[in-house]
Amino acid sequence: MKQAILQLETLTCPSCMKKIEGALKNIEGIEEKSIKVLFNASKVKLNFDEEKISLEKIKKIINEVGYVVENIKEK
């Protein structure tokens, strides 16, 4: 598993967190319990299996629910 931190455009409301978490939940390759949406920092932290899902696919999922990923850091 690798960890990724995705910097988003500014989140405007706490319900944004639930929408992003909901979109990423149950996606094969993303460790569900690792998903953390940090409202004040406008970041998403998660662990993922790069053999099952790419960072590009994770970014696309977030974009599809209406949020822009500005930067990605991988650990």
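Residues numbered from 1 in each chain as written. Predicted model: local features only at pLDDT ≥ 70, side-chain atom pairs only at ≥ 80, totals over all residues. Heavy atoms only, no water.

A.B. asks: Explain unusual backbone geometry to me, using residue names and the numbers behind them.
C.D. replies: In this structure, Asn-26 is a non-glycine residue whose phi angle is positive, near 65°. With respect to the helices, strands and loops of the structure, Asn-26 is situated in the loop between α1 (14–24) and β2 (36–38). Looking at Asn-26, the relative accessible area reads 65%, which means it is exposed. Its identity is not glycine, yet Ser-42 carries a phi of approximately 55°, on the positive side. By the element assignment, Ser-42 lies in the loop between β2 and β3 (43–48). (Helix = DSSP H or I, 4+ residues; strand = E, 2+ residues; numbered from the N terminus. Buried < 20%, exposed > 50% of the residue type's maximum accessible area, 1.4 Å probe, protein only.)

A.B. asks: So, the side chain of Ser-34: which residues are in play, and what are the values?
C.D. replies: Tracing the chain through its elements places Ser-34 in the loop between α1 and β2. Among the residues examined, Ser-34 registers a relative accessible area of 11% and is labelled buried. Polar contacts involving the side chain of Ser-34 include one to the main-chain amide nitrogen of Asn-47, which spans 2.8 Å. Excluding its chain neighbours within four sequence positions, the residues that come into contact with Ser-34 are Lys-45, Leu-46 and Asn-47. (Polar contact = N/O pair within 3.5 Å; in protein donor to acceptor, adjacent residues only side chain to side chain. Contact = heavy atoms within 4.5 Å.)

A.B. asks: Just give me the short version of the sheet that holds β3, but keep the residues and values in it.
C.D. replies: With antiparallel pairing, the 4 strands of this open sheet are ordered in space as β2-β3-β1-β4. The sheet is open, and its two edges are formed by β2 and β4 (69–74), each paired on a single side. Averaged over all adjacent pairs, the angle separating strand axes in this sheet is 20°, with direction ignored. Lying over the sheet, helix α2 (residues 55–64) contacts β1 (2–8), β3 and β4, oriented at roughly 150° with respect to β4. (Pairing = 2+ DSSP bridges. Axes fitted to C-alpha atoms, helices over the stretch in contact; angles between N-to-C directions.)

A.B. asks: Hey, could you go over the UniProt feature "domain: HMA" (unreviewed entry) in the protein for me, with residue numbers and the actual values?
C.D. replies: Sites flagged by UniProt as "domain: HMA" (unreviewed entry) map to residues 2–70. With 30% helix and 26% strand, residues 2–70 has end C-alpha atoms that lie 19 Å from one another. (UniProt positions renumbered as here; feature names shortened; annotations may be inferred.)

A.B. asks: Break down the side chain of Ser-42 for me, with residues and values.
C.D. replies: Looking at Ser-42, the relative accessible area reads 6%, which means it is buried. Ignoring any residue separated from it by four or fewer positions in sequence, one finds Ser-42 in contact with Leu-6, Gln-7, Leu-8, Glu-9, Thr-10 and Leu-11.

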